[in-house]
Amino acid sequence: MELLEAKKIMDEKLGDYKIMALASCVDDYPMVRNVSCVFYNDKIYFKTDKNFRKTQQLFKNDKVAMCFNGVQVEGTAKNLGLVVDEPGRIFEKKYKEFLWQSYNAYSHIDTEILIEVTPKFVEIWDEDENRNAFQLFIDFDKETVEYKPYD
């Protein structure tokens, strides 16, 4: 399987937005919490308050893992600054379109920052059209894909 085909499977499973589990760790203390994500430019974006514990962890250790329904993403998180300062305000538009309840409740707070996650490694558990289980491993740094069927 080629990288573009594997990425297409990942994109189809994630769609335009999802509520994903975000795991981070500092000083051997792991935390997991849900974040509302939108996907564009081959990256994952979410907003958070710059004063929250999870954000403070991300400032100290940018390595994260995210998970939704059989798709596990390992990557690095980057603070892009205030949500309203993003050039073109793409996140804000997509967030309002897909997650309008959360947008209306929280997006106007001046402590909301935009976090960009760059996927480095993705593991997908799924089934094909015949209900045969498989794993798909995508290494974005090495640009390699491993397909592992389970019979």
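See the structure printed just above.
Below, the structure is looked at part by part. Throughout, residues of each chain are indexed from 1 in the direction in which the sequence is written. Two thresholds apply to this predicted model, a pLDDT of at least 70 for residue-level local features and 80 or more for giving and counting side-chain atom pairs, whereas whole-chain, interface and lining totals are computed over all residues. The side-chain figures draw on all heavy atoms in the structure; neither hydrogens nor water molecules are used.

### Focus: the overall build of the protein chain
Only DSSP runs of H or I covering at least 4 residues are called helices, and only runs of E covering at least 2 are called strands; the numbering of each starts at the N terminus. Secondary structure assignment for the protein chain yields four helices and eight strands. If you list the helices and strands of the protein chain from N to C, you get α-β-β-β-α-β-β-α-α-β-β-β. Radius of gyration: over C-alpha atoms. The globule rule applied is 2.2 Å multiplied by the number of residues raised to the 0.38 power. Taken against the 2.2 N^0.38 rule, which gives 15 Å for 151 residues, the C-alpha radius of gyration of the protein chain at 16 Å falls within 12% of a compact globule. Sorting the 151 residues of the protein chain into buried and exposed places 41% on the buried side. If you take every contact in the protein chain between residues at least 6 apart in sequence, the share linking residues at least 24 apart comes to 56%. Computed with the Shrake-Rupley method and a 1.4 Å probe, the accessible areas treat only the protein chains shown as cover for residues. For the protein chain, the exposed area adds up to about 8900 Å²; of that, 49% sits on carbon and sulfur atoms. For the purpose of counting charges, residues Lys and Arg are taken to be positive, whereas Asp and Glu are taken to be negative. His and the chain ends are not included. Charge positions come from single atoms, namely NZ of Lys, CZ of Arg, CG of Asp or CD of Glu. In the protein chain, 21 side chains carry a positive charge and 28 a negative one; their mean positions are 6 Å apart. Each residue gets one of three labels from its accessible area relative to the maximum for its type: buried under 20%, exposed over 50%, partly exposed in between, using a 1.4 Å probe on protein chains only. Only heavy atoms matter for contacts: two residues are in contact if any of them lie within 4.5 Å across the pair.

### A closer look at the nonpolar core
What we call a nonpolar core is a set of buried Ala, Val, Leu, Ile, Met, Phe, Trp, Tyr and Cys residues that are connected through their side-chain atoms within 4.5 Å. Counting residues in each nonpolar core, the largest one holds 25 residues, and the members touching the most others are Met20, Cys37, Ile44, Phe46, Met66, Val117 and Ile124. Of all the elements in the fold, those that place two or more residues in this core are helix 1 (3–14), strand 1 (17–26), strand 2 (29–40), strand 3 (43–49), strand 4 (63–68), strand 5 (71–82), strand 6 (112–127) and strand 7 (133–139). Here this core gets five residues from one element, more than from any other, and that element is strand 6. If near-sequence neighbours (up to four positions away) are discounted, Met66 is found in contact with Met20, Ala21, Leu22, Val35, Cys37, Ile44, Phe46, Val71, Gln72, Val73 and Val117. If you look at the next biggest cluster of nonpolar residues, it comprises nine residues, including Tyr40, Val83, Phe98 and Leu99.

### Concerning unusual backbone geometry
In this model, Asp28 sits at a positive phi of 60°, which is unusual for a non-glycine residue. Within the secondary structure layout, Asp28 lies in the loop between strand 1 and strand 2. The class for Asp28 is exposed, based on a relative accessible area of 75%. Of note, Asp42 is a non-glycine position whose phi angle comes to about 60°, a positive value. Checked against the element boundaries, Asp42 lands in the loop between strand 2 and strand 3.

### Let's talk about helix 1
Over its 12 residues, helix 1 runs 16 Å from end to end, which matches the ideal 16 Å to within 8%, given 1.5 Å per residue. All of the buried residues in helix 1 are Ala6, Lys7, Ile9, Met10 and Leu14. In an axial view of helix 1, the angular spread of the buried residues amounts to 155°, which keeps them on one side of the axis. Away from its buried face, by an angle of more than 90 degrees, helix 1 presents the exposed residues Leu4, Lys8 and Glu12. Gly15, located one to two residues past helix 1, shows a positive phi value of around 70°. Between the first and last residue of a helix there are one fewer steps than residues, each counted as 1.5 Å, and that sum is the expected span. The arc in question is the one traced by the directions running from the helix axis out to the C-beta atoms.

### Here we look at the pattern of salt bridges
Pairing is possible between side chains that carry opposite charge, provided their charged atoms lie close to one another. Salt bridges are identified by distance alone: a Lys or Arg side-chain nitrogen within 4 Å of an Asp or Glu carboxyl oxygen. In the structure shown here, the tally under the stated rule is 10 salt bridges. Across the pair Lys7 and Asp42 runs a salt bridge whose closest N-O atoms are separated by 2.7 Å. A residue pair is termed long-range when its members are at least 10 positions apart, and Lys7 in helix 1 and Asp42 in the loop between strand 2 and strand 3 qualify at 35 residues. Judged by its relative accessible area of 16%, Lys7 falls in the buried class. On the accessibility criterion, Asp42 (55% relative accessible area) is exposed. One salt bridge in this structure joins Glu12 and Lys8, with 4.0 Å as the shortest N-O distance.

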